[in-house]
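# Structural overview for review
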Amino acid sequence: MGMTLTEKILSAHSGGKAVKPGDNLWVDVDVLMTHDVCGPGTIGIFKKQFGENAKVWDKEKLVIIPDHFIFTEDKHANRNIDILRAFAKEQDLPYYYDVGTENYKGVCHLALAQEGHNRPGEILFGTDSHTCTSGAFGMFSTGIGNTDAAFILGTGKLWVKVPETMRFEFNGTFPPHIMAKDVILQVIGDIGCDGATYRAMEWAGDAIMQLSMEERMTLCNMAIEAGGKNAVIQADETTERYVKERTDKPFTIYESDPDAKYRLKKIYNADEMEPVLAKPHSPDNRATVSECKGEKLDRAYVGSCTGGKITDFIAAAKILKGKKVEIDTFIVPATREVEQDLSRERIDGETLMDIFINAGAQIGEPSCAACLGGPKDTFGRTSDHQRVISTTNRNFPGRMGSKTSEVYLASPYTAAASAVTGCITDPRDFLYN
Amino acid sequence: MQTVIEGLAYVLGDNIDTDQIIPAEHLVYSLTDPEEKKNYGRYALSGVPAANAGLPEGGKPFVDEGQCASNYKIIIGGKNFGCGSSREHAPACLEIAGIQAVVAESYARIFYRNSVDGGFFTPLESQTLLTDEIKTGDSVKLDIERSLLTNLSTNKSYPLNPLGDVLEIIQAGNIFEYARKNGLIPQSG
């Protein structure tokens, strides 16, 4: 019987025998990623289990990207960066992107892609649930905890249960006002925030394959919001071009067999998609933007691994150009590369940075920032009953800081259109008028 | 592995995510320093909105103000318990607060895996929704070998799903002990 893309990658990393959903395998790990929130705990367990002087299994395969609590006065948070720095020195790690240096990147999931650590056919584990983002590159990637990460640090292996695969096929062409964020929020609304628990989400169809790598990452990023173990998109020319610009390392492209077995196949007509959002307090609480039109907001936020890429800011800038925001609007580039691109990319001669400044938005430093609340002095963190429209990925109670704030998740188009009016607004009102 | 656990139940609803279990602002404390890590007990479940804290009435803090340990020993949850982030601080903070088992209708994958591999407590699945059957503060008894939960306050018992594949890791204590037992890593660390 045929295998899915996910099953093939797991098979190739566990001895090459055919695998099926439910099998428990020990797989060889190609990349382990950790950051400032989970790195110190992982290092602590590694040393306890393998000894104070233990060496990591392969320093070329460990990537440490501090990104969560960076621009803060919090003493404990800053101490955690020191722990990472000392470990990188002790282990002589080539891929540690240190805070306060030219090597600092920002949000790990985008930095992994931009620095060439995402390669088709590989297995990447990360101590962050949004590690599923890397599946956009036709690889197996998923989030794990400190214990599992420490196990990999010592052994280079981890046990994995082979997930059943759900296939989501979008045929046709997405309308120009639809972004990957609308697509993933639509699907999470359809299957629920535990609808893909223990499963792989495979994306396919002409409309998906027309998406840029950044849009594919947005789609895969939120698989975890449906409970998914991993998300995956078959690598193609778009993937190869992106990867080869960033790494010389070889990679393998796998594809699902025509007779592969799926738990479920859902087929959508891309042309019929509507702008949607997730209302408070769950990513599956979907509504169309037009259903919520006019609901009052206090702030808008464009940033994070899922909504802070240059594609997201180009979209926001298209709407904000020549306009003023009506509510507090926070712009947080995910990485330094995105931040630099804000000053390079132009719309009718004006840089994105100038468009945002002239619109009255505030620009933050590249990091996870208020996507997950964070220390009290975090840029854009909610502190009260604020009602926020955000391009981030989670809106459970308290996610952006205050337990009494309310978060609507939406595309950068919808967030920017709503920033201009101060209430939930359909981006078509601006894009086509 | 302790097979019979008796204590007070703390009841929560569906989709209790990791930000409610331990808000991100608290993810800065050491998990190895014995004094500093008590902060995780102090802030365990502090992100749950008051109305949902300790069902059915709500308004019952899991840990009393100024304390680092909870009076409750077993959490009863609904669907998709532990959804959200991969932060191992979530199962860790519950253990640090004194939780010995969680019984939920279903779990998010990473939280479940972290609970087992890290050996924090036993995550069990109920066969029916228990959040209508058990109240916060009820005395409950969990018999893991028999996969049975009894509400001592009402004398009603509820069957639980057997632990399945993960039983061996839970019995060993954590993933490292399991791997040592099976010769996957050397005996001494």
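Residues numbered from 1 in each chain as written. Chains lettered and ligands numbered in written order. Predicted model: local features only at pLDDT ≥ 70, side-chain atom pairs only at ≥ 80, totals over all residues. Heavy atoms only, no water.

What follows deals with the overall build of chain A. Helices and strands together make up the secondary structure of chain A, namely 15 helices and 19 strands. Radius of gyration (C-alpha) of chain A: 21 Å, near the 22 Å computed for a compact globule of 433 residues. Its C-alpha atoms put chain A at 55 × 55 × 40 Å along the principal axes. In chain A, which comprises 433 residues, the proportion classed as buried is 66%. Sequence separation of at least 24 residues holds for 75% of the intrachain contacts in chain A that already meet a minimum separation of 6. Counting only carbon and sulfur atoms, one obtains 46% of the accessible surface of chain A, whose full area is about 14,600 Å². Counting 49 positive and 61 negative side-chain charges, chain A places the centres of these two groups 4 Å from one another. (Helix = DSSP H or I, 4+ residues; strand = E, 2+ residues; numbered from the N terminus. Rg over C-alpha atoms; globule rule 2.2 N^0.38 Å. Buried < 20%, exposed > 50% of the residue type's maximum accessible area, 1.4 Å probe, protein only. Contact = heavy atoms within 4.5 Å. Areas by Shrake-Rupley, 256 points an atom, 1.4 Å probe, with all protein chains shown as cover. Lys, Arg positive; Asp, Glu negative; His and termini not counted. Charge placed at Lys NZ, Arg CZ, Asp CG, Glu CD.)

For the rest of this paragraph, the subject is the nonpolar core. One recurring pattern in soluble globular proteins: nonpolar side chains tend to sit buried together. Core analysis: the biggest nonpolar cluster contains 203 residues, and A:F125, A:F170, A:W203, B:F62, B:F81 and B:L94 have the highest contact counts within it. Considering every element that reaches this core, the biggest residue donor is helix α11 (residues 310-320) of chain A, with seven residues. Taken domain by domain, this core gets at least three of its residues from each of domain 1 (5-268) and domain 2 (277-431) of chain A. Once residues within four sequence positions are removed from consideration, B:L94 is found in contact with B:I21, B:L45, B:F62, B:I75, B:F81, B:I99, B:V102, B:F111 and B:F121. (Core = buried A, V, L, I, M, F, W, Y, C linked by side-chain atoms within 4.5 Å. Domains from an automatic or database assignment.)

Before going further, it helps to examine the side chain of A:D182. All names here are of chain A. Mapping D182 onto the fold places it in helix α6 (residues 180-191). From its side chain, D182 meets the backbone nitrogen of V276 in a polar contact 3.1 Å long. Residue contacts for D182: discarding those within four places in its chain leaves H177, M273, E274, P275, V276 and S411. (Polar contact = N/O pair within 3.5 Å; in protein donor to acceptor, adjacent residues only side chain to side chain.)

Residue-level contacts link 45 residues of chain B with 49 residues of chain A. When the buried surface of chain B facing chain A is broken down by residue, B:R109, B:R113 and B:F176 rank first, second and third, together holding 19% of it. The residue B:E25 makes a salt bridge to A:R381 at a minimum N-O spacing of 2.8 Å. Summed over the shared surface of chain B and chain A, the result is 26 residue pairs in polar contact (both at pLDDT 80 or more). Counting residues per element, the ones that place at least two in the side of chain B that touches chain A are α1 (18-21), α4 (109-117) and α6 (175-181) of chain B. (Buried area = accessible area lost by both parts, 1.4 Å probe. Salt bridge = Lys/Arg side-chain N within 4 Å of Asp/Glu carboxyl O.)

What follows deals with the sheet that holds strand β7 (residues 164-171) of chain A. All names here are of chain A. As summarised here, the arrangement of the four strands in space is β9-β8-β7-β10, forming an open sheet in which the pairing is parallel. Edge strands, defined here as strands with exactly one partner in the open sheet, are β9 (230-233) and β10 (264-269). Each strand axis lies, on average, 20 degrees off the axis of its neighbour in the sheet, ignoring direction. As judged from the six bridges shared by β7 and β10, these two strands associate in the parallel manner. By the bridge assignment, E169 is partnered in β10 with I267. In this fold helix α8 (residues 213-221) packs onto β8 (199-204) and β9, with an angle of close to 150 degrees to the strand it touches most, β9. (Pairing = 2+ DSSP bridges. Axes fitted to C-alpha atoms, helices over the stretch in contact; angles between N-to-C directions.)

Our next topic: the packing of helix α2 (residues 39-50) of chain A against helix α3 (residues 75-91) of chain A. Residue and element names in this part refer to chain A. Packing of α2 against α3 brings their axes to within 9 Å, and their N-to-C directions diverge by 50 degrees. The angle between α2 and α3 falls in the class oblique. The chirality of how α2 crosses α3 is left-handed. Across the interface between the two elements, G39, P40, I43, F46 and K47 of α2 pack against N80, I83, L84, F87, E90 and Q91 of α3. Along the lines of polarity and charge, the residues of the contact of α2 with α3 split into six nonpolar, three polar and two charged. (Parallel < 35°, antiparallel > 145°, perpendicular 65-115°, else oblique. Left-handed = near helix turned anticlockwise from the far one by under 90°. Nonpolar A, V, L, I, M, F, W, Y, C, P; charged D, E, K, R; others polar.)

Let us look at the side chain of A:E350. Residue and element names in this part refer to chain A. Note on placement: E350 falls in strand β16 (residues 350-351). Only 2.8 Å separates the side chain of E350 from the side chain of N358, close enough to count as a polar contact. Beyond its immediate sequence surroundings of up to four residues, E350 is in contact with K321, E345, I355 and N358.

This paragraph deals with the confidence of the model for chain B. Overall, the predicted model of chain B reaches an average pLDDT of 96, with 99% of residues at or above 70. Interface confidence in the predicted complex, given as ipTM, is 0.97; pTM for the same model is 0.98. (pLDDT = per-residue confidence, 0-100.)

Turning next to the sheet that holds strand β3 (residues 101-104) of chain B. Strand pairing in a sheet takes place through backbone hydrogen bonds and is either antiparallel or parallel in direction. Residue and element names in this part refer to chain B. Ordered in space as β4-β3-β2-β1-β5-β6-β7, the seven strands form an open sheet in which the pairing is mixed. Pairing within the sheet leaves two strands with one partner each, and these edge strands are β4 (122-125) and β7 (156-159). The sheet shows a mean angle of 30 degrees between the axes of neighbouring strands, direction not considered. Bridge analysis of strand β1 (residues 4-11) against strand β5 (residues 139-143) gives five bridges, and the strand direction is antiparallel. Residue G7 lies in a different strand from β5, and its bridge partner there is V140.

With that settled, consider the environment of B:L184. Structurally, the position occupied by B:L184 is in the segment after α6. For the pair B:L184 and B:A50, spaced 134 residues apart in sequence, the C-alpha separation works out to 46 Å. Once residues lying within four places of it in the same chain are set aside, the contact partners of B:L184 are A:W26 and B:A179.

Let us look at the domain arrangement of chain A. Residue and element names in this part refer to chain A. With domains assigned, chain A is organised as domain 1 (5-268) and domain 2 (277-431). Relative to domain 2, the C-alpha centre of domain 1 lies at a distance of 24 Å. Both sides of the domain 1 and domain 2 interface together cover about 3,200 Å² of buried area, and 60% of this is carbon and sulfur. Between the two partners, domain 1 and domain 2, sit 22 residue pairs in polar contact (both at pLDDT 80 or more). Broken down by secondary-structure element, the contributors of at least two residues to the side of domain 1 that touches domain 2 are α4 (108-114), α6 and α8.

For the peptide bond that leads from A:P280 to A:H281, omega is 0 degrees, which places it in the cis range. Topologically, A:H281 is positioned in the loop between β11 (276-278) and β12 (286-288). B:P56 follows B:L55 through a cis peptide bond whose omega is 5 degrees. Within the fold, B:P56 resides in the loop between α2 (38-43) and β2 (74-77).

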